[in-house]
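Listed below, chain by chain, are the residues.
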Amino acid sequence: MLGLKLPTDPRWVNIVEKNIEDILTDHAYCEQKAASTAISLIVSFPEYTDLVIEMTALVKEEMSHFKMVHDRIIKNGWTLGRDRKDDYVIKLVTFFPKGGSRTTQLVHRLLYAALIEARSCERFRLLSEALSDKELAEFYRKLMVSEANHYTMFLGFARQYGDRKEVDEKWQQLLEFEAQIMKDLGKKETIHG
Ligand SMILES: [Fe+2]
Ligand SMILES: [Fe+2]
């Protein structure tokens, strides 16, 4: 349903389980970056009223996710560590050429956001199904549902603002590119690593 071309190797969960502190730290920053992306879209594209309304709601939701993750970090007696660069996202956002019309730039940013949500959702599903800590598994099941909705929203906006046929073609190309990136990943205790 997410359209992803390459599923994550299930052994990724075994790597994560050995280092819950690292995955929670990385995850906290994923939520913070999702909120930052929503703010950035508001600032860059203020005339897209429907988008601004939804991004305003999304900032609050993503920061509430950040709080949920941060609260778990505190509960475990840990302190939030420093952010690390997300190689997956750095590579992904090189796919579309820079420039083009405002609408083109918006569509590209919406498609990147949709894909990051989709992959996050897939990773959360794996965690929800395979973590031996059942409480943490349930935590990830709830977040998986939220991120699936975000994926649908971003892809929907791309199709609303761009040319439907062109957007669908770009989406398929981006999915192929993402699958190539994922071939080298699934080996680290980060949400997209
Ligand atoms: Fe989130
Ligand atoms: Fe999200």
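Here, every reference points to the structure presented above.
Residues numbered from 1 in each chain as written. Chains lettered and ligands numbered in written order. Predicted model: local features only at pLDDT ≥ 70, side-chain atom pairs only at ≥ 80, totals over all residues. Heavy atoms only, no water.

## Here's the deal with the coordination of the iron ion (ligand 2)
Link 1 in the chain: Looking at the metal site, the iron ion (ligand 2) is ligated by Glu62 (OE), Glu117 (OE), Glu117 (OE), Glu147 (OE) and His150 (ND1), spaced 2.0 to 2.4 Å from it.
Link 2 in the chain: For the iron ion (ligand 2), the donor residues sit on a single chain with the sequence spacing E-x54-E-x29-E-x2-H. (Donors = N, O, S within 2.8 Å, 3.2 Å for Na, K, Ca; no water.)

## Observations concerning the nonpolar core
Link 1 in the chain: By size, the foremost hydrophobic cluster in this structure holds 60 residues, and its most contacted members are Leu51, Leu110, Leu111, Tyr140, Phe154 and Trp171.
Link 2 in the chain: When residues of this core are traced back to their parent elements, those giving at least two are α1 (12–17), α2 (20–44), α3 (49–75), α4 (87–92), α5 (102–130), α6 (134–161) and α7 (164–183).
Link 3 in the chain: Residues contacting leucine 110, with those up to four places away along its chain left out, are Leu41, Leu51, Phe154, Phe157, Ala158 and Tyr161. (Core = buried A, V, L, I, M, F, W, Y, C linked by side-chain atoms within 4.5 Å. Buried < 20%, exposed > 50% of the residue type's maximum accessible area, 1.4 Å probe, protein only. Helix = DSSP H or I, 4+ residues; strand = E, 2+ residues; numbered from the N terminus. Contact = heavy atoms within 4.5 Å.)

## Some thoughts on the packing of aromatic side chains
Link 1 in the chain: Tallied over the entire structure, the rule returns nine aromatic pairs.
Link 2 in the chain: With a centroid separation of 6.1 Å and 40° between ring planes, the pair formed by tyrosine 151 and tryptophan 171 is classed as tilted. Taken together, the positions of tyrosine 151 in helix α6 and tryptophan 171 in helix α7 put the pair 20 residues apart, joining distant regions of the chain. Across this residue pair, the class does not change: tyrosine 151 and tryptophan 171 are buried.
Link 3 in the chain: Here the aromatic rings of phenylalanine 157 and tyrosine 161 are separated by 5.6 Å at their centres, their planes lie at 5°, and the arrangement is stacked. (Phe/Tyr/Trp six-rings, centres within 6.5 Å; stacked < 30°, edge-to-face > 60°.)

## Structural notes on the coordination of the iron ion (ligand 1)
Link 1 in the chain: Those donors, Glu31 (OE), Glu62 (OE), His65 (ND1) and Glu147 (OE), are the protein atoms that reach the iron ion (ligand 1), and they lie 2.0 to 2.2 Å from it.
Link 2 in the chain: Its four donor atoms give the iron ion (ligand 1) angles of 87 to 145° at the centre, a pattern that matches the irregular case.
Link 3 in the chain: Each donor residue of the iron ion (ligand 1) belongs to the same chain, and together they define the spacing E-x30-E-x2-H-x81-E.
Link 4 in the chain: Between the iron ion (ligand 1) and the iron ion (ligand 2) the interatomic distance amounts to 3.5 Å, and glutamate 62 serves as a bridging ligand to the pair. Linking glutamate 62 in helix α3 with glutamate 147 in helix α6, this pair joins segments that are 85 residues apart in sequence.
Link 5 in the chain: Owing to a relative accessible area of 0%, glutamate 62 belongs among the buried residues under this scheme. (Tetrahedral: all angles 85-135°; square planar, octahedral: opposite > 155°, others 65-115°.)

Worth remembering: the numbers are spatial, not functional.
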